[in-house]
Amino acid sequence: MAGGWPIPRSLCNSSSYLQSLTDSIMTVIPSNVSANTVGSWIEVTSSSATDVAAVLIEATGNSASGNFQAVDIGVGAAGSEIVIAANMILHDYSNGACCYCLPVAISAGSRIAVRTQGDGASDSAQVGVITLDSGWTDTVTEGAVDTIGFTGSGTYGTSVDPGASANTAGAWTQLTASTATGYTGFMLAITRSASSGTAATYMVDIGIGAGGSEVVILSRYPTWSNNSPGVMTPSVTGYFGVNIPAGSRIAARAYSNNSTTGVRQVWVTMYAFRN
Amino acid sequence: MAGGWSLGENAANLQTYGAVTASTTLTALTTGATNTKGSYVQLVASTTADSKTVRVLVGGVAPTGTALSIDIAVGAAASEKIIIPDFVQQTNSLSEGRFPLSIAAGSRIAARAQSTSSADTARVAVIVSDDAWGFEASGTVVDCLGFSSGTSKGTAVDAGASANTKGSYTQITAATTSDYIGLVIYGANPGVSASTFFLVDIAIGAAGSEKIILSNVFIRHSSWGATIPSPIPYLDIPIPTGSRLAIRLQSSSTTATTRTILFTVYGVRA
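Each chain carries its own residue numbering, running from 1 in the direction its sequence is written. Lettering for chains starts from A, numbering for ligands starts from 1, and both go in the order in which the items are written. With the structure being a predicted model, the display of local features is reserved for residues of pLDDT at least 70 and the display and counting of side-chain atom pairs for 80 or more, all residues being used for whole-chain, interface and lining totals. Each side-chain value is derived from all of the structure's non-hydrogen atoms; neither hydrogens nor water enter the calculation.

(A) View of the overall build of chain A. Helix and strand definitions follow DSSP, with helices as H or I runs of at least four residues and strands as E runs of at least two, each counted in order from the N terminus. Within chain A, the secondary structure is distributed over 0 helices and 19 strands. In terms of overall dimensions, chain A is globule-like: its C-alpha atoms have a radius of gyration of 19 Å, near the 19 Å expected for 275 residues. Oriented by its inertia axes, the alpha-carbon framework of chain A measures out at about 55 × 50 × 30 Å. When a residue's accessible area, from a 1.4 Å probe over protein chains only, is under 20% of the maximum for its type it is buried; when over 50% it is exposed; and in between it is partly exposed. When the 275 residues of chain A are sorted by exposure, 62% land in the buried category. Long-range contacts, defined here as pairs at least 24 residues apart, represent 82% of the contacts in chain A between residues at least 6 apart. His residues and chain termini do not enter the charge count, which takes Lys and Arg as positive and Asp and Glu as negative. To locate a charge, take atom NZ for lysine, CZ for arginine, CG for aspartate or CD for glutamate. Positive and negative charge centroids in chain A, built from 9 and 16 side chains respectively, lie 11 Å apart. We compute the radius of gyration from the C-alpha atoms alone; for a globule the expected value is 2.2 Å times N to the 0.38, where N is the number of residues. What makes two residues a contact is simply this: any of their non-hydrogen atoms within 4.5 Å.

Here it is as structure tokens:
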């Protein structure tokens, strides 16, 4: 039902942090010396100049040792950071990069920090943050993001297998048995095996509901990987403002034009937004 | 100033049109002569619900040309009205562009494409979503700024000969012809495969008095030919009618062919 009282969103007062003007990249955020373990928080700003209604988080892995990194963003005093979005995946293998546009709220004066983990020991990611304020008619501005389906021990998402028949939906793979809270929307990160050198096309369905009774809420989202880098494009979807009730089971299934094991699987992570 | 009356998107009735499940690809569009649009191909005969958001997904299978663009239109065959003109398709990648656009239930959606190579194949799908009562405003049509139909490419913005130093502003448009509720900014460097880093400033205002509205957005051009992010996600930054829009950037490269990004900007009319 389109209609009602349409309100124009308006973003303004952008502030950019961590970009490195001396090399046209962004600040290196070291991961832990141990693979698949978060590193220390690095301050983005000691005090945000304005309220924030949207955050752009960009990452690349020019100096990375591994193939996958994940970025957390938090607010709060040093040593007491509260994560507002976690494990935003970067597949940096061969020139990858990513951009997450998060409709999350941060109060003016907040300290903002980021940290990373990688699938390589002493890994790193280069991260930049852009914040935007809003006008009176606020944007969605959720309070926090829950990461669903992330595999911390490997720094990737949940493996979703299209199965041995090309161009056919595989079985549903559960991302979570029951959401702990209701969500107002979500984004997805979709990657695949670190260095698969075969071009392939993919589509992903997201469903909610009991096993065998999934209701599709996002149908056939396409992504593709070239034969050279193995990097998916897009590897991060835009924001879908689809409400998901508390207690929902969330599952994903996939299609691929390639039926080869190791190529056909995609790794899916959901970022679910809550008030 | 965050606050006021915060509204959620409450998207509903998501529908994907143009996905070809039988081959896990998107609908093929055959381009016309070089840099000339081909015929429209229908993505859906009649949308099942009103739509307030349209996501365009293009690419996915390597075309022969180095630069392509796709028109999204609504309306009966032979009477199509373009609502998103010349959305860029890069080689070696698949891109998502999100636009808050209204499309009435029952609409026919079609697409056509052009390329730097004749009889090329572009690929496209759209995902549309309806809303609940208290949704954000959405536009009705998109203006395409900085795109040259004669070359199928955007406006070249050169970082200049000094590495890691902002070049001069390049005008994307002298004066916007309508108020915009937001922008999608798409940078690409068609036909170039070299790992290069960029920081981009987007500004409005008269030449010499530009006011930056978005600073130091990172763009990576890859060794495999694609630029990421492609595009920068839609941002609800209002732009008044009559605004001059300009872009400048800095690059890690000083080589003329690799230090340049071609920009196309899509403004969503209020």
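(B) Broad picture of the overall build of chain B. Counting secondary structure elements, chain B contains 0 helices and 20 strands. Its C-alpha atoms give chain B a radius of gyration of 18 Å, near enough to 18 Å, the size a compact globule of 270 residues would have. Over its C-alpha atoms, taken along the principal directions, chain B stretches across nearly 55 × 50 × 30 Å. Counting the 270 residues in chain B, one finds 63% classified as buried. Contacts spanning at least 24 positions in sequence make up 83% of the contacts within chain B whose residues lie at least 6 apart. The Shrake-Rupley method, run with a 1.4 Å probe sphere, supplies the accessible areas, and residue values consider only the shown protein chains as cover. Carbon and sulfur atoms provide 52% of the accessible area of chain B, an area that totals close to 8200 Å². One finds the centroid of the 16 positive side-chain charges in chain B at a distance of 7 Å from the centroid of its 16 negative side-chain charges.

(C) Just the layout of surface pockets, in detail. The definitions used throughout rest on a 1 Å grid laid over the protein atoms alone, on which a cavity is an enclosed set of points accommodating a 1.4 Å probe that cannot get out and a pocket is an open set flanked by protein within 12 Å on both sides along at least five of seven lines; lining residues are those having an atom within 4 Å of a point. Grid points are joined across faces, edges and corners, and a volume is the space filled by probe spheres set on the points. Taken as a whole, the largest pocket spans an internal volume of roughly 220 Å³. Lining the largest pocket we find Leu11(A), Cys12(A), Asn13(A), Ser14(A), Ile204(B), Lys211(B), Ile212(B), Ile213(B), Ser215(B), Ile237(B) and Pro238(B). Secondary-structure elements contributing two or more residues to the lining of the largest pocket are strand S1 (11-17) of chain A together with strand S16 (211-221) of chain B. Looking at side-chain class alone, the lining of the largest pocket contains 7 nonpolar, 3 polar and 1 charged residues. Under the scheme applied, nonpolar residues are Ala, Val, Leu, Ile, Met, Phe, Trp, Tyr, Cys and Pro; charged residues are Asp, Glu, Lys and Arg; polar residues are all the others, including Gly.

(D) Layout of the packing of aromatic side chains. Within 6.5 Å between ring centres, the rings of Phe, Tyr and Trp (the latter by its six-membered ring) count as paired, and their orientation is classed by plane angle as stacked under 30 degrees, edge-to-face over 60, tilted in between. This model, assessed by the stated rule, comprises 11 aromatic pairs over all chains. Ring centres 6.2 Å apart and planes at 90 degrees place the aromatic pair Tyr221(A) and Phe240(A) in the edge-to-face group. Taken as a pair, Tyr221(A) in strand S16 (residues 215-225) and Phe240(A) in the loop between strand S17 (232-233) and strand S18 (250-256) lie far apart in primary sequence, 19 residues in all. Grouping aromatic residues by their ring pairs yields a cluster made of Phe87(B), Phe99(B), Tyr186(B) and Tyr266(B). Lysine NZ or arginine CZ positioned within 6 Å of the ring centre and within 35 degrees of the ring normal marks a charge as sitting over the ring. Taking NZ or CZ as reference, Arg55(B) lies 3.7 Å from the ring centre of Phe240(A), over its face.

(E) Examining the environment of Tyr169(B) more closely. All names here are of chain B. Inspection of the secondary structure puts Tyr-169 in the loop between strand S12 (155-158) and strand S13 (170-173). In the structure, Tyr-169 is positioned 32 residues away from Asp-201 in sequence and 8.8 Å away in space, judged by C-alpha atoms. Among the polar contacts listed, one links the side chain of Tyr-169 to the side chain of Arg-248, at a separation of 3.4 Å. Under the rule applied, a polar contact is a pair of N or O atoms within 3.5 Å (in protein, one hydrogen donor and one hydrogen acceptor; residues adjacent in sequence only if both atoms are side-chain atoms).

(F) Spotlight on the environment of Ala210(A). All names here are of chain A. If you trace the backbone, Ala-210 turns up in the loop between strand S15 (200-208) and S16. The partly exposed category is assigned to Ala-210, whose relative accessible area is 48%. A sequence separation of 36 residues divides Ala-210 from Gln-174, and the C-alpha atoms of the two residues are 9.7 Å apart.

(G) Structural context of the nonpolar core. To qualify as a nonpolar core, a set must consist of buried Ala, Val, Leu, Ile, Met, Phe, Trp, Tyr and Cys residues joined through side-chain atoms within 4.5 Å. Ranked by size, the top nonpolar core spans 38 residues in total, and within it Phe186(A), Ile206(A), Leu218(A), Val266(A), Val268(A) and Met270(A) carry the most contacts. Elements with a contribution of two residues or more to this core: strand S14 (185-191), S15, S16, S18 and strand S19 (266-274) of chain A together with strand S10 (121-130) of chain B. A total of 6 residues in this core trace back to one element, the largest contributor, which is S15(A). Sequence-distant contacts of Ile206(A), defined by excluding residues within four places in its chain, comprise Trp172(A), Leu188(A), Val215(A), Val216(A), Ile217(A), Leu218(A), Ile250(A), Ala251(A), Ala252(A), Val268(A) and Met270(A). One finds Val55(A), Ile57(A), Ile106(A) and Ala189(A) within the second-largest nonpolar core, a separate group that totals 37 residues.

(H) Main features of the sheet that holds S18(A). When DSSP finds two or more bridges between a pair of strands, those strands are recorded as paired. Sheet architecture is open: 5 strands sit in the order S13-S18-S15-S16-S17 (chain A), paired in antiparallel fashion. Two strands close off the open sheet at either side, each with one partner strand: strand S13 (173-176) and S17 of chain A.

(I) Geometry of unusual backbone geometry. Here the bond from Ile228(B) into Pro229(B) is cis, since omega is 0 degrees, no more than 30 degrees from zero. Secondary-structure assignment places Pro229(B) in the loop between strand S17 (227-228) and strand S18 (232-235). Its identity is not glycine, yet Ser122(A) carries a phi of approximately 50 degrees, on the positive side. Within the secondary structure layout, Ser122(A) lies in the loop between strand S9 (112-118) and strand S10 (124-134). For Ser122(A), a relative accessible area of 49% gives the class partly exposed.

(J) Local environment of empty space enclosed by the protein. Taken as a whole, this structure holds 7 cavities of 30 Å³ or more when the rule is applied. If you add up the space inside the largest cavity, you get close to 580 Å³. Lining the largest cavity are 37 residues, and of these Cys99(A), Cys101(A), Thr237(A), Gly238(A) and Pro233(B) sit closest to its centre. Sorting the residues of the lining of the largest cavity by element identifies strand S8 (97-102) and S17 of chain A together with strand S8 (94-99) and S18 of chain B as the ones contributing at least two each. Its residues assigned to classes, the lining of the largest cavity comprises 24 nonpolar, 8 polar and 5 charged. Space inside the second largest cavity adds up to approximately 70 Å³. If you trace the second largest cavity, you find it lined by Ala67(B), Val88(B), Ser152(B), Lys153(B), Gly154(B), Tyr186(B), Gly187(B), Ala188(B), Pro190(B), Leu262(B) and Thr264(B). Counting residues per element, the ones that place at least two in the lining of the second largest cavity are strand S14 (180-188) and strand S20 (260-269) of chain B. For the lining of the second largest cavity, the class distribution of residues is 6 nonpolar, 4 polar and 1 charged.

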